[in-house]
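Report on the structure
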Amino acid sequence: MTATNMANKLYKITSGAKSALLELPEAYDGIATEVGLVEATEADISAHPTITASEAAKSGLVAQVSIGLTPKGRKHIKVSVEKLGGISKLIGSTFGTKTIKSASLRTYRKLR
C-alpha cells in the first residue's frame, strides 16, 4: 500500500497508451475499480509521473462526474474516460461514509 498522507493515496489511471498517477482521497478505495483506478505500486511510482486532476483531464485520462450522496451531499469525482459508460454502476456504492444515489457526467461548460 502506498499512501502519500493519511487522507490521500496514489492511484494509477490508464486510458489507451497513456497512464499517470493521481493523488486522490482514500474514499476512492470503495469505487476504484468502477472508476478505472488501481492503487499505485512502487514500480508505478518510479515509472509514471504524478499529475494533477486538471492535467489528467486535459490529457484525456479522466472526466469529472458529479455524484449525489445520501444522507445528503454532492461531490465531483474523477473517472477514467474508458469507464464513463458505466457510471450508473456507482449507484449504491459507498464513497467515504456516504452512499452514492446518483451519478452524472459534468459538461465542459459546467467545469469552466
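Each remark here, short or long, concerns the structure printed above.
These lines cover the structure that appears in this document, whether it is placed above or below. These numbers come from a predicted model, not from an experiment.

By the secondary structure assignment, P71 is in the loop between β4 (62–70) and β5 (74–80). Judged by relative accessible area, P71 falls into the exposed class, the value being 71%. As a C-alpha pair, P71 and T99 span 28 residues in sequence and 7.5 Å in three-dimensional space.

For L21, the location among the structural elements is in strand β2 (residues 18–25). Note: C-alpha distance between L21 and A40 (19 residues apart in sequence) is 7.2 Å. With sequence-adjacent residues up to four places away left out, L21 is seen in contact with L10, Y11, K12, A40, D44, I45, H48, P49, T50 and I51.

On to the pairing of β5. With seven bridges joining them, β4 and β5 adopt antiparallel strand pairing. Each residue of the ladder has a partner; that of V62, found in β5, is S80. In sequence, β4 turns back onto β5 through a hairpin of three residues, with G73 there showing a positive phi of about 135 degrees.

What follows deals with the pairing of β4. Counting buried residues along β4, eight of its nine residues qualify, which places the element largely inside the surrounding structure. As paired elements, β4 and strand β7 (residues 98–105) share six bridges and run antiparallel to each other. Bridge pairing in β7 links G68 to S102.

All right, on to the sheet that holds strand β1 (residues 8–15) then. The strand order across the open sheet formed by three strands is β2-β1-β3, and the pairing between neighbours is antiparallel. Both outer strands of the open sheet, β2 and β3 (37–39), are each paired with one neighbouring strand and no more. With direction set aside, neighbouring strand axes in the sheet form an average angle of 35 degrees.

Now for the nonpolar core. In this structure, Y28, I31, V35, L37, I77 and F95 are the most contacted members of the largest nonpolar core, which totals 24 residues. Of all the elements in the fold, those that place two or more residues in this core are β1, β2, α1 (32–35), β4 and β5. Here this core takes four residues from β4, the largest share from any one element.

Our focus in this paragraph is the packing of aromatic side chains. A full pass over the atoms with the stated rule returns two aromatic pairs. Relative to Y28, the ring of Y11 has its centre 6.3 Å away and its plane inclined at 50 degrees; by these criteria the two rings are tilted. Placement of the pair is Y11 in strand β1 and Y28 in the loop between β2 and α1, with a sequence separation of 17 residues. There is no split in this pair, since Y11 and Y28 are both buried. Between Y28 and F95 the ring centres are 5.4 Å apart and the planes differ by 80 degrees, which places this aromatic pair in the edge-to-face class. Separated by 67 residues along the polypeptide, Y28 in the loop between β2 and α1 and F95 in strand β6 (residues 94–95) bring together distant segments of the chain. Both residues of the pair, Y28 and F95, count as buried. Each residue in the set Y11, Y28 and F95 is aromatic and connected to the rest through ring pairs, giving one cluster.

Rules used throughout
- Residues numbered from 1 in each chain as written.
- Predicted model: local features only at pLDDT ≥ 70, side-chain atom pairs only at ≥ 80, totals over all residues.
- Heavy atoms only, no water.
- Helix = DSSP H or I, 4+ residues; strand = E, 2+ residues; numbered from the N terminus.
- Buried < 20%, exposed > 50% of the residue type's maximum accessible area, 1.4 Å probe, protein only.
- Contact = heavy atoms within 4.5 Å.
- Pairing = 2+ DSSP bridges.
- Axes fitted to C-alpha atoms, helices over the stretch in contact; angles between N-to-C directions.
- Core = buried A, V, L, I, M, F, W, Y, C linked by side-chain atoms within 4.5 Å.
- Phe/Tyr/Trp six-rings, centres within 6.5 Å; stacked < 30°, edge-to-face > 60°.

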